[in-house]
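Fold and geometry: a report
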Amino acid sequence: MARITASVYTSHVPAIGAALDLGKAQEPYWQPLFAGYDYGKEWIKEQKPDVIFLVYNDHATAFSLDFIPTFAIGTGAEYQPADEGWGPRPVPKVMGHPQLAAHIAQSVIQDDFDLTIVNKMDVDHGLTVPLSLMFGQPEAWPCAVIPFAVNVVQYPVPSGRRCFQLGQAIRRAVESFDGDLNVQIWGTGGMSHQLQGPRAGLINKEWDNAFLDRLIADPAGLAEVPHIDYVREAGSEGIELVMWLIARGAMSDVAGGPAPEVKQRFYHVPASNTAVGHLILENKQ
Amino acid sequence: MALNKPYLDLPGTTIFDAEQSRKGYWLNQFCMSLMKADNRARFKADERAYLDEWAMSEEQKQAVLDRDLNRCIALGGNIYFLAKIGATDGKSFQQMAGSMTGMTEEEYRDMMLGGGRSAEGNRYLGEDGDAQPQHQPQGKSKGSN
């Protein structure tokens, strides 16, 4: 059967992609940030996932105000990097996994989560920056990716509790798939940041680190934190962190298995306007 | 019955909810149009004429012409949409975010390098942090940039 072996969490700041694409990764401003991903790059070479279920949000790219799906699963064969106004990022196209994605869609909807199904869309920095951070700059991404977009742009966004429950349904769906696939689930976005108004530039290291502590050790408790706490403490765009709870909900300890192993924990301020967090949690076999 | 909006007591912050989204529908859709290169060229060639093609309010059009992002947001704009105007102008996200504080680009960049803006005093309206209305605009130039 297919199984979820690990979860990866990371911010997806667009300036990180730009720094990499423009060859600035070794500049003093960026070097400490990229160093935090050196471990992950080696780790993932050994892990060799077949599929990454990548939870991210679209930033007014594929989804304008024409339609605003709360949860959208990509079941297409491939996705092009989007032109977000600066031209498309020079990164490989993203190959999907239509069979597993369609299986997850059917299973999760039958489990009461009403997903929107998307066969055609471009993917923006929310999806491609995490791939760049973990894989560097390859000719082709080394595995399939199932894009899973969450609305965190127009309030109200889904609650932490709903996200955590959805992650559990995704785990059940993956494990009921009849192919032998090594699947990782990634939660992206955050950490504290605010991009608008006189409060722009808000960063809250204490809150972010407490979030990381609880994500590791008390995810069910963390899932009960209301939206307003994210906004007040971590900035209006810090609300993206609810997406990390989808990935965390898919780990086996939530379903009664052993606690995951923390393989990497990293925190850095700033990347442009944003606090960057990164975690790798591995399920014990 | 009124909707639950627990976020109206945040200083210096507008939450893009369904009401703001309704107000800003055409403003944001205009921004989306700037993702196409030929639209960017037409906008740059004659901003006023391009804006007049959209069912935006005069206030919204003026806020765009003035590049007053705080005003755009008050009128229903969302920062991810407004970022398309910044991209058209060749501005980074940091330049755009900084422009809403009144700080110069350098002041804002230095604040971020110093660990960002503290949440202290900036959680509720009525406190005394730097994002509170009584402390606007921020920075030495007091918003004259």
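All of these numbers come straight from a predicted model, not from anything done at the bench. (Residues numbered from 1 in each chain as written. Chains lettered and ligands numbered in written order. Predicted model: local features only at pLDDT ≥ 70, side-chain atom pairs only at ≥ 80, totals over all residues. Heavy atoms only, no water.)

1. Examining the side chain of A:Thr5
- Residue placement: A:Thr5 occurs in strand S1 (residues 3-10).
- Apart from residues lying up to four places away in sequence, A:Thr5 is in contact with A:Gln47, A:Asn182, A:Val183, A:Gln184, A:Glu282, A:Asn283 and A:Gln285. (Helix = DSSP H or I, 4+ residues; strand = E, 2+ residues; numbered from the N terminus. Contact = heavy atoms within 4.5 Å.)

2. Concerning helix H6 (residues 160-175) of chain A
- In this model H6(A) runs 23 Å from its N-terminal to its C-terminal C-alpha over 16 residues, within 8% of the 22 Å that 1.5 Å per residue would give.
- Of all the positions in H6(A), only A:Gly160, A:Cys163, A:Phe164, A:Leu166, A:Gly167, A:Ala169, A:Ile170, A:Arg171, A:Ala173 and A:Val174 are classed as buried. (Expected span 1.5 Å × (residues − 1). Buried < 20%, exposed > 50% of the residue type's maximum accessible area, 1.4 Å probe, protein only.)

3. So, the state of the cysteines
- Under the definition given, this model contains 0 disulfides over all chains.
- No disulfide involves B:Cys31; its nearest neighbouring cysteine sulfur is the one of B:Cys72, lying 7.0 Å away. (Disulfide = S-S within 2.5 Å.)

4. As for the pairing of S1(A)
Residues and elements named next belong to chain A.
- The buried fraction of S1 is high, at 7 of 8 residues.
- Bridge count for S1 against strand S8 (residues 182-188) is 7 bridges, and the pairing is parallel. In the sheet register, Ser7 faces S8, and the bridge partner there is Ile185.
- Where S1 and strand S10 (residues 274-282) come together, 5 bridges link them in antiparallel fashion. Opposite Val8, over in S10, you have Ile280 as the bridge partner. (Pairing = 2+ DSSP bridges.)

5. Some points on the pairing of strand S9 (residues 261-271) of chain A
All names here are of chain A.
- Of the strand pairs in this sheet, S9 and S10 are connected by 8 bridges, and their pairing is antiparallel. By the bridge assignment, Phe266 is partnered in S10 with His278.
- Connecting the antiparallel pair S9 and S10 is a turn made up of 2 residues, with Ser272 showing a positive phi of about 60 degrees.

6. Regarding the environment of A:Glu42
- Among the secondary structure elements, A:Glu42 is positioned in helix H3 (residues 38-47).
- In sequence terms A:Glu42 and A:Pro147 are 105 residues apart; their C-alpha atoms lie 23 Å from each other.

7. Thoughts on the interface of chain B and chain A
- Facing 50 residues of chain B, the contacting portion of chain A comprises 39 residues.
- Buried surface at the junction of chain B and chain A, both sides included, amounts to about 3900 Å², of which 59% is carbon and sulfur.
- Applying the counting rule to chain B against chain A returns 2 salt bridges.
- A salt bridge links A:Glu233 to B:Arg123; the shortest N-O distance between them is 2.8 Å.
- When contributions to the side of chain B that touches chain A are tallied by element, the ones reaching two or more residues are helix H1 (18-23), helix H2 (25-33), helix H6 (69-74), helix H7 (79-89), helix H8 (93-99) and helix H9 (105-113) of chain B.
- Here the side of chain B that touches chain A takes 6 residues from H7(B), the largest share from any one element. (Buried area = accessible area lost by both parts, 1.4 Å probe. Salt bridge = Lys/Arg side-chain N within 4 Å of Asp/Glu carboxyl O.)

8. Remarks on the sheet that holds S9(A)
Residue and element names in this part refer to chain A.
- Across the sheet, 8 strands lie side by side as S6-S3-S7-S2-S8-S1-S10-S9; this open sheet has mixed pairing. Looking at which strands have only one partner, the edges of the open sheet turn out to be strand S6 (116-118) and S9. If you compare each strand with its neighbour and ignore which way they point, the axes differ by 20 degrees on average.
- Alignment of strand S3 (residues 71-74) against S6, held across 3 bridges, turns out to be parallel. Each bridged residue has a counterpart across the sheet, and for Ile73 the counterpart in S6 is Ile117.
- Relative to the sheet, helix H4 (residues 98-110) contacts strand S2 (51-56), S3, S6, strand S7 (144-150) and S8, its axis offset from that of S3 by approximately 150 degrees. (Axes fitted to C-alpha atoms, helices over the stretch in contact; angles between N-to-C directions.)

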